[in-house]
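An overview of the molecular structure
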Amino acid sequence: MITIEPPRSSAAHSDAWTAWGLSRPTLTRFAKKAQAAVGLEGDVEILLAGDATLRRLNRDFRAKDKPTDVLSFPAPLEFADGHAGDLAISLQTAQRQADEHGHTLTDEVRVLLLHGLLHLSGMDHETDSGEMAARESDLRKSLKLASGLIDRAHKNLGSPAPYKTQLKATQSVKAAKKSTSTTRRGVTA
């Protein structure tokens, strides 16, 4: 299920979906398609909110007092029971990133959904050797998405994406996809 919690700074509107120019059915279909492509089983709850909400969640769960674009909250294994986890996406940050990269808000939300779903599956680009970057790149191509978050971060730093420089990492993507690490229980961005 996808829920929009309109950012406090946006004008009140009876239909937040229309106000943001988004379509619940379109994003729901994409989320299901991306989840299947990732190989993630279970329900995923998705919250589309504003920077204030993402900042609060980022501060409370990751001790980072700043807004972010997407947060992933994997369901603890002992409580999962058909629930893979939750995602929270900032529409304000997504809109800024969409403008910066020359595509629509819908496209940016799709990029963020894919990134978050990969985190829910147990992958973590901050601690792996490029497996998540390689997997995200492959899935972006098959799902016809714009550049992903990991690629952008490396381009902004002026360094090559890790999957381009680490051949062994790209060869182990299939193995990483099949295994679930203990990091699945943590919150990731």
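Residues numbered from 1 in each chain as written. Predicted model: local features only at pLDDT ≥ 70, side-chain atom pairs only at ≥ 80, totals over all residues. Heavy atoms only, no water.

1. Thoughts on helix α3 (residues 51–62)
For α3, with 12 residues, the first-to-last C-alpha span of 15 Å sits near the 16 Å given by 1.5 Å per residue. Looking only at α3, the buried set comprises Asp-51, Thr-53, Leu-54, Leu-57, Asn-58 and Arg-62. The buried residues of α3 all sit within an arc of 160° when viewed along its axis, so they share a single face. The inward-facing, buried residues of α3 abut β2 (43–49), β3 (70–74), β4 (83–90) and α4 (91–101). (Helix = DSSP H or I, 4+ residues; strand = E, 2+ residues; numbered from the N terminus. Expected span 1.5 Å × (residues − 1). Buried < 20%, exposed > 50% of the residue type's maximum accessible area, 1.4 Å probe, protein only. Arc of directions from axis to C-beta. Contact = heavy atoms within 4.5 Å.)

2. Considerations on unusual backbone geometry
Its identity is not glycine, yet Ala-63 carries a phi of approximately 60°, on the positive side. Considering the arrangement of structural elements, one finds Ala-63 in the loop between α3 and β3. Within the chain, Lys-144 stands out as a residue other than glycine whose phi angle is a positive 55°. Along the chain, Lys-144 falls in the loop between α6 (131–142) and α7 (149–157).

3. A closer look at the environment of Leu-40
Within the element layout of this structure, Leu-40 appears in the loop between α2 (24–38) and β2. The exposure class of Leu-40 is buried, given its relative accessible area of 10%. The spatial distance from the C-alpha of Leu-40 to the C-alpha of Leu-118 is 8.3 Å, given a sequence separation of 78 residues. When residues no more than four places from it in sequence are discounted, the contact partners of Leu-40 are Gln-35, Ala-84, Leu-117, Leu-120 and Ser-121.

4. Topic: the confidence of the model for the chain
Within the chain, residue pLDDT values average 79, and 72% of them lie at 70 or more. A low-confidence stretch, residues 159–185 stays under pLDDT 50, and its non-local contacts, those more than four residues away or across chains, total 41 contacts. (pLDDT = per-residue confidence, 0-100.)

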